[in-house]
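# Structural overview for review
These are the residues of each chain, in order.
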Amino acid sequence: MTARLQQLRDRLQKENVPAALLMKAPDVGYISGFTGSAAALLVLPDRALFVTDGRYSVQAERECPGWEVAITETSAGYHETIAARVKELGVTELAVEGDYLTVLQFETLKEKLEGVALKPLGELVLGPRRVKDAEELLRIRAACAIVDRAFDFLLTLLRPGISERDVAVELEYFMKKEGSEKEAFDTIVASGARSALPHGRASEKLLEAGDFITFDYGARVGGYCSDLTRTVVLGKADEKQREVYGVVLEAQLAALAAIRAGAEGKAVDSVARDLIAARGYGEKFGHSLGHGLGRDVHDHPALSQRAELTLEPGMVVTVEPGVYLDGWGGVRIEDDVVVTEDGCEILTHAPKELIEVPV
């Protein structure tokens, strides 16, 4: 992590920023290697201060060698400790994560740091985080392998009469036994008409023969996330289900084929969106094609209609088109991929052909 700290210092110097304050957990972990949930970093050209509370004092010493560790007296004392150190070090201008701090947090910092000019940190950390190094990719691959194995397990659970919630509980337990630190996000299990809800968290609804069932779930390994979506039919698929599933799968495969270094996020989004529209379901695909994946499950870059960013080798994104018909059901198919010079490498390998689960 020393290299990342030096890279941040180099960027601060290039942008003529004398000091930076990081409080967002993914940024803190990326720069320092810390895996806890509460900490802040104060980075200057010649000082690297790690602020946390007593719960993490031993962990900080172990995980963040080379950092000057400052312990707050209480978990609510971060602003006071940061303000005291900023003044002690003579900082007059401080870059902060304006896209992360709440209004209350920003105003509290502003009050505590009277006389210190606060400016947005911008892309100084987020930019480098977009491109994953070999160690980051290793962790993402491990998280993807867990969700692939979990899908095979899922298929053994499905039967009429089991609840979505029970399926989710079994799924999450399986992933933890397989090495996931925790779920990357709230598990989605949505069946029947509920599969038309893109974020349909598992409910008490019982699975029924003939249901579409959409699973969207993720594992976390070494702080890095995976994110997989598959849709299956419990029993035999009817003609409409086969049609809609075929449209979504065709769109996903076309988008995957369009990903490569140099492609724009919005152009890749359009490949899937235009195909779905041409099949008559354009208004039924209401979300972006995909998002970045890393320490955050919804990270940068985006694959969306407004994504101007150009893809680079090493960026990891999801590709997840969907069609959602209110009152009937929906289909989403999602894979995680890493961008390469001439295409992409698909990191998730659960089968994508329409699966009809015997009942």
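Preceding block: the structure.
Definitions and cut-offs
- Residues numbered from 1 in each chain as written.
- Predicted model: local features only at pLDDT ≥ 70, side-chain atom pairs only at ≥ 80, totals over all residues.
- Heavy atoms only, no water.
- Salt bridge = Lys/Arg side-chain N within 4 Å of Asp/Glu carboxyl O.
- Helix = DSSP H or I, 4+ residues; strand = E, 2+ residues; numbered from the N terminus.
- Buried < 20%, exposed > 50% of the residue type's maximum accessible area, 1.4 Å probe, protein only.
- Axes fitted to C-alpha atoms, helices over the stretch in contact; angles between N-to-C directions.
- Parallel < 35°, antiparallel > 145°, perpendicular 65-115°, else oblique.
- Left-handed = near helix turned anticlockwise from the far one by under 90°.
- Contact = heavy atoms within 4.5 Å.
- Nonpolar A, V, L, I, M, F, W, Y, C, P; charged D, E, K, R; others polar.
- Lys, Arg positive; Asp, Glu negative; His and termini not counted.
- Polar contact = N/O pair within 3.5 Å; in protein donor to acceptor, adjacent residues only side chain to side chain.
- Pairing = 2+ DSSP bridges.
- Core = buried A, V, L, I, M, F, W, Y, C linked by side-chain atoms within 4.5 Å.
- Disulfide = S-S within 2.5 Å.

Another point: the pattern of salt bridges. Pairing of side chains with opposite charge becomes possible as their charged atoms draw close. By the definition in use, this model includes 31 salt bridges. Across the salt bridge formed by Arg4 and Asp133, the nearest N and O atoms sit 2.8 Å from each other. Taken together, the positions of Arg4 in helix H1 (residues 2-14) and Asp133 in the loop between helix H6 (123-129) and helix H7 (134-157) put the pair 129 residues apart, joining distant regions of the chain. On the basis of relative accessible area, Arg4 is assigned to the buried category, the value being 9%. Note on Asp133: relative accessible area 33%, which makes it partly exposed. Salt bridges sharing partners connect three or more residues here, namely Lys24, Asp27, Arg129, Asp296 and Asp299.

Taken N-terminus to C-terminus, the directions of helix H4 (residues 78-88) and helix H5 (residues 103-112) make an angle of 40°; their axes are 9 Å apart at the nearest point. On the basis of their axis angle, the class for H4 and H5 is oblique. As H4 runs across H5, the sense of the crossing is right-handed. Contact residues: H4 offers His79, Glu80, Ala83 and Lys87, while H5 offers Gln105, Thr108, Leu109 and Lys112. When the residues that make up the contact of H4 with H5 are grouped by side-chain class, the tally is two nonpolar, three polar and three charged.

This part is about the side chain of Arg9. Relative to the helices and strands, Arg9 is located in helix H1. We note that Arg9 is buried and unpaired, the nearest opposite charge coming from Asp46 at a distance of 6.3 Å. Within polar-contact distance, the side chain of Arg9 engages the backbone oxygen of Pro45 at 3.4 Å. Apart from the residues lying within four places of it in its own chain, the contact partners of Arg9 are Val43, Leu44, Pro45, Asp46, Arg47 and Ala48.

So, on to the pairing of strand E17 (residues 335-340). In terms of burial, E17 is largely enclosed, as five of its six residues are buried. Strand direction decides the pairing type here: strand E14 (residues 316-319) and E17, joined by four bridges, are antiparallel. Bridging across to E17, Thr318 finds its partner in Asp336. Across four bridges, the pairing between E17 and strand E18 (residues 343-346) is antiparallel. Within the sheet, the bridge partner assigned to Val338 lies in E18 and is Glu345. Adjacent in sequence and paired antiparallel, E17 and E18 are bridged by two residues.

With that out of the way, let us pick up the packing of H7 against helix H8 (residues 164-177). H8 packs onto H7 with a crossing angle of 140° between their chain directions and a minimal axis gap of 10 Å. In this view, H7 runs oblique relative to H8, as classed from their interaxial angle. Once H7 is placed against H8, the crossing between them reads as right-handed. Taking contact as the criterion, the partners of Ile146, Val147, Arg149, Ala150, Phe153, Leu154 and Leu157 in H7 are, on H8, Val167, Glu170, Leu171, Phe174 and Met175.

Ranked by size, the top nonpolar core spans 56 residues in total, and within it Leu22, Phe50, Trp67 and Leu94 carry the most contacts. Not counting the four nearest positions on each side in its chain, Leu94 is found in contact with Ala19, Ala20, Leu21, Leu42, Val86, Leu113, Val116, Ala117, Leu118 and Lys119. Ranked by size, the runner-up nonpolar core spans 32 residues in total, among them Phe285, Leu289, Met315 and Val339.

Read across the sheet, four strands follow the order E7-E8-E11-E19 without closing on themselves; strand pairing throughout is mixed. Two strands bound the open sheet, and with one partner strand each, they are strand E7 (188-191) and strand E19 (356-357). Relative to the sheet, H8 contacts E7 and strand E8 (212-217), its axis offset from that of E7 by approximately 150°.

The subject of this paragraph is the pairing of strand E13 (residues 299-303). Here two bridges tie strand E12 (residues 290-292) to E13, and the two strands are oriented antiparallel to one another. Each residue of the ladder has a partner; that of Gly290, found in E13, is Leu303. The turn linking E12 back onto E13 is made up of six residues.

Below, the discussion takes up the state of the cysteines. Taken as a whole and assessed by the stated rule, the structure comprises zero disulfides. Counting only cysteine sulfurs, Cys225 is the nearest neighbor of Cys144, a cysteine outside any disulfide, at a range of 10 Å. Cys344 takes part in no disulfide bond, and the closest cysteine sulfur, belonging to Cys144, lies 12 Å away.

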